[in-house]
Amino acid sequence: MDLTSGHSTLLQLNGKDFDFTIQFEQLFFSIIPSVLFIVTSLWRTASQVRKPAVVNAPLFQLIKLGAIISYVGLELSLLVLAAIGSFHVTSFSITASALNLVAALFMITLSFVDHSRSPRPSVLLNGYLFLTLLLDIAQARTLFLLSDDKSGRTYSSIFCASIAVKVGILLLEAKQKSKWVPWDEKQHSPEETSNIFSLGVFFWLNKMFLDGYKKDLVVEDLYPLDISLDSKSLHDKFSKNMDYSKLRGDKYGLLKVLIKTLSGPLLLPILPRLALLDMLRYLHHRMRAMTRSILVTETFIKATEARIGASDHSAALTLMSTDIERIKQGLRMVHDVWAGIIQAALAGWMLHSRLGVVFVAPIGMVIVCFTCLGVLINFTGDSQRSWMTGVQKRVGLTAAVIASMKNLKLSGLSCTVGDFVQKLRVEELAAGARFRKIFILAALYGFTPMLIN
């Protein structure tokens, strides 16, 4: 059996058997990851090359570059074998081999730049190596199953050799560089030098956890904050993009400024989300923490600059944590929205290839529920605004009452004011009940397709 499935389809469906064809694997396991890596590595290299060197380990750098050059040689061999047509190849074979070679060449530049200019092992390079390593193992299995002549087995053997070299590159690139960084470790967090695997499972926190088992932790035992999460630097970047004169009449103005300020942290979780890697949670949580840091700092600054009048109830700072927490909750599923659309499209395509026109039934149910959610969301803003207005009014009055408690008791108005505050609380709960009902209906529409199908 040669290296072609004999069919033009990307999936092989034979009765109860389901498998990917070699064309499917070359497209989704080689071509698409290589293209994504080439584009992102260009961006990463361009952004890092302007930074000063912070790591001094020339020998270790040469070892890593030597391993990558060896990998380039193997990829070049695979491209030559595919180009000369010494065996039957698919329509994607030459393209996949060429892109793998180009990606390997970009690995050299990315490794060279990130090695000296980043205290942390390259997240992008380690992520690409780890993901493609798993995908290459699946391709190697398919190549050997489809190889029944010497040329096919030669190609498969060289492909397996490239996997072995890639494992070595991954081990080298994942090695932490903390001992070569000339800084005081007590002033920096281990998070700043941890590799992608340590970050993904929070392994860098283990030392602090062990210390917590041995003794009671104090503030001095906690790690310093990662410099990239520093509130001052984040707010300075936010201030450069903020122009309050342009926010008037633009209800999405603040969102646009936040996206512009945190474009990098916002885009970083995309690749882990596409690959369903747990690293998504770490990167996404950092972005949400940065958003909270910027909004809290800006709120405090504007509160200190605002004029305090007779109508001021000091509710801005009192409600700040509530509002920002709701913003964080809204950001929690931001990467599941676009990913869900892609998953629904792929699921529809696979259902169509398996069931035919009948696939319209479950997709139609999803569309109906989605439309109902779209109608329901129009009422969410008014109900939530009414609820937050009630909360602000009650909290502001409560803060004013607490500040004037002595005068209220002397005047004998404490009971009257207490009853009024209680009345505001009841009105607030009534306003919140409408929002909770809408939330329950939204959850019902969201789970209906799953329950029916």
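Residues numbered from 1 in each chain as written. Predicted model: local features only at pLDDT ≥ 70, side-chain atom pairs only at ≥ 80, totals over all residues. Heavy atoms only, no water.

**Some details on the UniProt feature "transmembrane region" (unreviewed entry) in the chain**
Stated formally: UniProt positions are given in the numbering used here, feature names are shortened, and annotations may be inferred rather than shown by experiment. Helical segments are the DSSP runs of H or I of at least four residues, strand segments are the runs of E of at least two, and each set is numbered from the N terminus.
According to UniProt, the "transmembrane region" (unreviewed entry) feature falls on residues 20-42, 62-85, 91-113, 125-146, 152-172, 262-283 and 357-379. For residues 125-146, helix accounts for 95% and strand for 0%, while the C-alpha atoms at its two ends are 31 Å apart. In residues 262-283, helix accounts for 68% and strand for 0%; the two terminal C-alpha atoms are 12 Å from one another.

**With respect to the pattern of salt bridges**
If charged atoms from side chains of opposite charge come close, those side chains can pair. So the rule is basically this: For this analysis, a salt bridge means a side-chain nitrogen from Lys or Arg found within 4 Å of a carboxyl oxygen belonging to Asp or Glu. Only protein chains enter the accessibility calculation, which uses a 1.4 Å probe. A residue is then buried if its area is under 20% of the maximum for its type, exposed if over 50%, and partly exposed in between.
Scanning all chains against the criterion turns up 12 salt bridges. The shortest N-O distance in the salt bridge between R44 and D114 comes to 3.2 Å. Here R44, found in helix 1 (residues 22-48), pairs with D114, found in helix 3 (residues 93-117); they are 70 residues apart in sequence, far enough to count as distant. When its relative accessible area of 22% is taken as the criterion, R44 is described as partly exposed. When the shortest N-O distance is used, the salt bridge between K215 and D221 registers 3.3 Å. Judged by relative accessible area, K215 falls into the partly exposed class, the value being 44%. The class for D221 is partly exposed, based on a relative accessible area of 23%. Taken together, the shared-partner salt bridges in this structure form one network comprising R120, E191, D226 and R286.

**Considering the packing of helix 16 (residues 360-403) against helix 18 (residues 414-452)**
How we decide: Interaxial angle, 0 to 180 degrees, is taken between N-to-C directions of lines fitted to C-alpha atoms, where a helix line uses only the stretch in contact. Comment on the angle field: the value is read as roughly parallel under 35 degrees, roughly antiparallel over 145, roughly perpendicular from 65 to 115, and oblique elsewhere. Each crossing gets its hand from how the near helix is turned against the far one by less than a right angle, where anticlockwise is left-handed and clockwise is right-handed. When residues are grouped by polarity, Ala, Val, Leu, Ile, Met, Phe, Trp, Tyr, Cys and Pro land in nonpolar, Asp, Glu, Lys and Arg in charged, and all others, Gly among them, in polar.
At their nearest, the axes of helix 16 and helix 18 sit 8 Å apart, and the two run at 160° to each other. With respect to their mutual orientation, helix 16 and helix 18 come out roughly antiparallel. The two elements helix 16 and helix 18 meet at a crossing, and its hand is left-handed. Partitioned by chemical class, the residues of the contact of helix 16 with helix 18 number 23 nonpolar, eight polar and six charged.

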